[in-house]
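Listed below are the residues making up each chain.
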Amino acid sequence: MPHDDLTVDDVLDLVGEHLPAATQARRKSDSALGFVLYDAFAVHGAYDEYGRGNWGFSIPVGGDASVSRVLGQRLSIRGTREEVREAFEAIDAYVRLRLGSEYLAACEVAYGGGPASPAA
């Protein structure tokens, strides 16, 4: 499997390209980042130098708990741009299901242009 060397800035660029509903995207360090989807869910990303180095993502669900597997898809061990995009697709689908249609419709009204279009 090919492997990309993805920096924090590379992954933040992918957030901007593939998750238009993401706001507050921030670099936390050279190996960590975070963003918020639909003004409702925080997402954390971290680079792990184990092996060839990979990105992993998690969503806090309360207290000290977080999920790094959603809808049967793991959000960790993401070493290529395509694998990161796949993780973002799974995160977006999970969050949209958790929010429900009424909330997403309210996002569309508030932000215009669709539920995936909040201003950064």
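Structure: above.
### Looking at the side chain of Arg78
Thought 1: Mapping Arg78 onto the fold places it in the loop between strand S7 (73–74) and helix H2 (81–111).
Thought 2: Arg78 gets classed as buried once you look at its relative accessible area, which sits at 9%.

### Some remarks on the packing of aromatic side chains
Thought 1: One pass over the structure, following the stated rule, counts 5 aromatic pairs.
Thought 2: Ring centres of Phe35 and Phe88 lie 5.9 Å apart, and the angle between their planes is 85 degrees; this geometry places the pair in the edge-to-face category. Of this pair, Phe35 sits in strand S2 (residues 32–37) while Phe88 sits in helix H2, and the two are 53 residues apart along the sequence. Phe88 matches Phe35 in its accessibility class, with the two residues each being buried.
Thought 3: Every member of this aromatic cluster is reached through a ring pair, and the members are Phe35, Tyr47, Trp55, Phe57 and Phe88.

### Considering helix H1 (residues 8–18)
Thought 1: Inspection of H1 places Val8, Val11, Leu12, Leu14 and Val15 among the buried residues, and these make up the whole buried set. Burial along H1 is one-sided: seen end-on, the buried residues are contained in an arc of 155 degrees. In H1, the exposed positions angled more than 90 degrees off the buried face are occupied by Gly16 and Glu17.
Thought 2: In this structure, the buried side of H1 is in contact with strand S1 (22–29), S2, strand S4 (54–62) and H2.

### Quick look at H2
Thought 1: Compared with the 45 Å implied by 1.5 Å per residue over 31 residues, the 28 Å span of H2 between its first and last C-alpha is markedly short.
Thought 2: When the local axis directions of H2 are compared, the greatest deviation, roughly 100 degrees, occurs at Gly100.
Thought 3: Within the sequence span of H2, burial applies to Glu83, Val84, Ala87, Phe88, Ala90, Ile91, Asp92, Tyr94, Val95, Leu99, Leu104 and Cys107.

### A few points about the environment of Val70
Thought 1: By the element assignment, Val70 lies in strand S6 (residues 69–70).
Thought 2: With 35 residues separating them along the chain, Val70 and Ala105 place their C-alpha atoms 23 Å apart.
Thought 3: With sequence-adjacent residues up to four places away left out, Val70 is seen in contact with Ile59, Leu75, Ala90, Ile91 and Tyr94.

Each value, and the rule that gives it
- Residues numbered from 1 in each chain as written.
- Predicted model: local features only at pLDDT ≥ 70, side-chain atom pairs only at ≥ 80, totals over all residues.
- Heavy atoms only, no water.
- Helix = DSSP H or I, 4+ residues; strand = E, 2+ residues; numbered from the N terminus.
- Buried < 20%, exposed > 50% of the residue type's maximum accessible area, 1.4 Å probe, protein only.
- Phe/Tyr/Trp six-rings, centres within 6.5 Å; stacked < 30°, edge-to-face > 60°.
- Arc of directions from axis to C-beta.
- Contact = heavy atoms within 4.5 Å.
- Expected span 1.5 Å × (residues − 1).
- Bend = angle between axes of the 7 residues up to and from the residue.

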